[in-house]
Amino acid sequence: DGGITQSPKYLFRKEGQNVTLSCEQNLNHDAMYWYRQDPGQGLRLIYYSQIVNDFQKGDIAEGYSVSREKKESFPLTVTSAQKNPTAFYLCASSPRRGMNTEAFFGQGTRLTVV
Amino acid sequence: AQSVTQPDIHITVSEGASLELRCNYSYGATPYLFWYVQSPGQGLQLLLKYFSGDTLVQGIKGFEAEFKRSQSSFNLRKPSVHWSDAAEYFCAVGPGISNFGNEKLTFGTGTRLTIIP
């Protein structure tokens, strides 16, 4: 089945450590996105990529990094510089730039700093 | 910059009653508009979308929404809710065709829907 796979579903990190969240899609979508979700704040855009080897900062990129070496993969690294990383992280993709289309979401990764 | 406001944080309705969730947006041109639903601990599922044309759009699970340009609104409605509709609902705005190459979705803060028997 086609879709977006995020792994792991739950992730625990010690303070001061970097951690990488995986996002893979087999929908042949050009654009991919990372959102952070906190209670009462909706979804906030961290990074997005509209094409391989290119990505742009979203509204809350500080303390995060991404790469887009392959069309199907868009991993997110939460670095030790992110002051409050505990949150629910959602990855999404959409088919083509500028087309009438919506974003498709993965099932999310819940990151907890211990 | 585009923005979305969902003024109701939490709504409680009785099963079988009608529902309206409010969404107001701010955008300089004609936007793309979406409603998504999220069950606890899950990703988001698209309910419906508006790109152009008929301002009343039908979605899945019996939901509909009406785009009102004069009010900058895109309210979600359902004539009769079911217990399974309990979830969080998010309105989102995209840049529309006039802003090609700068696509990103901006979400509202969500409305949590509780259904009582």
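Below is a summary of the structure that appears in this document. (Residues numbered from 1 in each chain as written. Chains lettered and ligands numbered in written order. Predicted model: local features only at pLDDT ≥ 70, side-chain atom pairs only at ≥ 80, totals over all residues. Heavy atoms only, no water.)

1. Examining the environment of Phe104(A)
As for its placement among the helices and strands, Phe104(A) is situated in strand β10 (residues 104-105). Placed 38 residues apart in sequence, Phe104(A) and Val66(A) show a C-alpha to C-alpha distance of 19 Å. (Helix = DSSP H or I, 4+ residues; strand = E, 2+ residues; numbered from the N terminus.)

2. Overview of the interface of chain A and chain B
By convention, interface size is frequently given as the accessible area that disappears when the constituent parts associate. Contacts between the two partners involve 24 residues from chain A, matched on the other side by 22 residues from chain B. Taken over both partners, the interface formed by chain A and chain B buries close to 1900 Å², and the fraction arising from carbon and sulfur atoms is 49%. Along the contact surface separating chain A from chain B lie one salt bridge. Residues Glu102(A) and Lys49(B) are paired through a salt bridge, measuring 2.8 Å at the closest nitrogen-oxygen approach. Viewed at the interface, chain B and chain A are joined by five residue pairs in polar contact (both at pLDDT 80 or more). If you list the elements that add at least two residues to the side of chain A that touches chain B, you get β4 (31-37), β5 (43-51) and β9 (87-94) of chain A. Tallying contributions element by element places β5(A) first for the side of chain A that touches chain B, with four residues. (Contact = heavy atoms within 4.5 Å. Buried area = accessible area lost by both parts, 1.4 Å probe. Salt bridge = Lys/Arg side-chain N within 4 Å of Asp/Glu carboxyl O. Polar contact = N/O pair within 3.5 Å; in protein donor to acceptor, adjacent residues only side chain to side chain.)

3. Some thoughts on the state of the cysteines
Residues and elements named next belong to chain A. The final tally for this structure, using the stated rule, is two disulfides over all chains. The disulfide that involves Cys23 links it to Cys91, with 1.9 Å between the sulfurs. Every disulfide takes its handedness from the sign of the S-S torsion; for Cys23 and Cys91 that torsion is -75°, giving left-handed. With Cys23 in strand β3 (residues 19-25) and Cys91 in strand β9, the pair connects residues that are 68 residues apart, well separated along the chain. (Disulfide = S-S within 2.5 Å.)

4. Remarks on the nonpolar core
All names here are of chain B. Ranked by size, the top nonpolar core spans 26 residues in total, and within it Leu19, Trp35, Leu47, Leu48, Phe74, Leu76 and Tyr89 carry the most contacts. Of all the secondary-structure elements, those providing two or more residues to this core are β2 (10-14), β3 (19-21), β5 (32-38), β6 (44-50), β8 (64-68), β9 (73-78), β10 (87-94) and β12 (111-116). Here this core gets four residues from one element, more than from any other, and that element is β10. Setting aside residues up to four positions removed in sequence, Tyr89 forms contacts with Gln6, Leu21, Trp35, Tyr36, Val37, Leu47, Phe63, Leu76, Gly110, Thr111 and Leu113. (Core = buried A, V, L, I, M, F, W, Y, C linked by side-chain atoms within 4.5 Å. Buried < 20%, exposed > 50% of the residue type's maximum accessible area, 1.4 Å probe, protein only.)

5. Things to note about the packing of aromatic side chains
Inspection of the entire model under this criterion finds 16 aromatic pairs over all chains. A ring pair is formed by Tyr33(A) and Tyr48(A), whose centres lie 6.3 Å apart and whose planes are at 15°; its orientation type is stacked. Separated by 15 residues along the polypeptide, Tyr33(A) in strand β4 and Tyr48(A) in strand β5 bring together distant segments of the chain. Accessibility assignment for this pair places Tyr33(A) and Tyr48(A) in one class, buried. Of the aromatic side chains, those joined through ring pairs into one cluster are Tyr33(A), Tyr35(A), Tyr48(A), Phe105(A), Tyr32(B), Phe34(B), Tyr36(B), Phe51(B) and Phe107(B). (Phe/Tyr/Trp six-rings, centres within 6.5 Å; stacked < 30°, edge-to-face > 60°.)

6. Observations concerning the sheet that holds strand β8 (residues 76-78) of chain A
Residue and element names in this part refer to chain A. Read from one edge to the other, the open sheet built from four strands follows the order β1-β3-β8-β7, with strand pairing classed as antiparallel. At either end of the open sheet lies a strand with only one pairing partner, and these are β1 (4-7) and β7 (64-66). Going from strand to strand, the sheet's axes swing by 20° on average, the running direction of each strand aside. (Pairing = 2+ DSSP bridges. Axes fitted to C-alpha atoms, helices over the stretch in contact; angles between N-to-C directions.)

7. Brief notes about the pattern of salt bridges
All names here are of chain A. By the definition in use, this model includes eight salt bridges over all chains. Of the charged contacts, one joins Arg44 and Asp38 as a salt bridge, the two residues approaching to 2.8 Å between their closest N and O atoms. According to the relative accessible area criterion, Arg44 is partly exposed, its value standing at 26%. Through salt bridges with shared partners, a single ionic network connects Arg36, Asp38 and Arg44.

In short, shape yes, function no, at least from these values alone.
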